[in-house]
Amino acid sequence: RRQRQICIRDSMGDDDGLPCDPELLHSGQVAVDLIYHPLETRWLAAAAGRGCRTVDGLGMLVQQAALQQRIWLGEDAVIDTDAMRAAADAALAARN
């Protein structure tokens with residue numbers, strides 16, 4: 001059975017911290033950063049440079065928003081997370 005290792009950085013605010021020494025990272029691992037602005041943080045860049053699959057925090061924000069819409073509008077609500085992600089990407093791009 002193949003094991004997957006995941007390392008998550010969850011500190012909000014600055015982009016200065018790394019949760020571990022990037023030398024510990026290698027391909028086959030997944031690195032997640034819950035920060036969504038900037039999308040590519042120092043942590044994700046370091047992990048990608050070591051061959052890790054990376055996941056930014058914007059996906060979690062979009063999924064939380066979709067769940068909130070479903071709670072407010074009901075289970076039958078049509079939620080387009082692709083459109084939500086595109087709108088979030090555009091909004092963040094406008095901030096730069």
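Anyway, here's the lowdown on the structure attached to this text. (Residues numbered from 1 in each chain as written. Predicted model: local features only at pLDDT ≥ 70, side-chain atom pairs only at ≥ 80, totals over all residues. Heavy atoms only, no water.)

**A word on the nonpolar core**
With eight residues, the main nonpolar core is built from Leu58, Val62, Ala66, Ala77, Ile79, Met84, Ala88 and Leu92. The residues contacting Leu58, other than those within four sequence positions of it, are Tyr36, Leu39, Arg85, Ala88, Asp89 and Leu92. Leu25, Ala31, Trp43 and Cys52 belong to the second largest nonpolar core, which has six residues in total. (Core = buried A, V, L, I, M, F, W, Y, C linked by side-chain atoms within 4.5 Å. Buried < 20%, exposed > 50% of the residue type's maximum accessible area, 1.4 Å probe, protein only. Contact = heavy atoms within 4.5 Å.)

**Section: helix H1 (residues 42-49)**
It helps to recall that an α-helix has 3.6 residues per turn; residues three or four apart then point in one direction. Every buried residue of H1 is listed here: Trp43, Leu44 and Ala47. Projection of H1 onto a plane perpendicular to its axis shows the buried side chains occupying an angular sector of 95 degrees, all on one side. Backbone geometry just after H1 places Gly51 at a positive phi near 90 degrees. (Helix = DSSP H or I, 4+ residues; strand = E, 2+ residues; numbered from the N terminus. Arc of directions from axis to C-beta.)

**Considering the side chain of Asp33**
Here Asp33 lies in strand S2 (residues 29-33). At 3.1 Å, the side chain of Asp33 and the backbone nitrogen of Ile35 are in polar contact. Sequence-distant contacts of Asp33, that is, excluding residues within four places in its chain, are made with Arg9, Thr41, Trp43, Leu44, Val55, Asp56 and Gly57. (Polar contact = N/O pair within 3.5 Å; in protein donor to acceptor, adjacent residues only side chain to side chain.)

**Quick word on the pairing of S2**
With respect to burial, S2 is a largely interior element, five of its five residues being buried. Here S2 runs beside strand S3 (residues 53-55); their pairing, made up of three bridges, is parallel. Bridge pairing links Ala31 to Thr54 in S3. As a crossover connection, the stretch from S2 through H1 into S3 is right-handed. (Pairing = 2+ DSSP bridges. Right-handed = clockwise from strand over helix to strand, strands pointing away.)

**What to know about the pattern of salt bridges**
Inspection of the entire model under this criterion finds three salt bridges. Here Asp56 ties to Arg85 by a salt bridge, and the two come within 3.2 Å at their closest N and O atoms. Placement of Asp56 in the loop between S3 and helix H2 (58-73) and of Arg85 in helix H3 (residues 81-95) is noted, with a sequence separation of 29 residues between them. On the basis of relative accessibility, which here comes to 24%, the residue Arg85 falls in the partly exposed class. When the shortest N-O distance is used, the salt bridge between Asp89 and Arg85 registers 3.4 Å. Pair noted here: Asp89 and Arg85 are both in helix H3, with a separation of four residues, about one helical turn. Take Asp89: its relative accessible area is 29%, and that puts it in the partly exposed class. Linked through salt bridges whose partners overlap, the residues forming this network are Asp56, Arg85 and Asp89. (Salt bridge = Lys/Arg side-chain N within 4 Å of Asp/Glu carboxyl O.)

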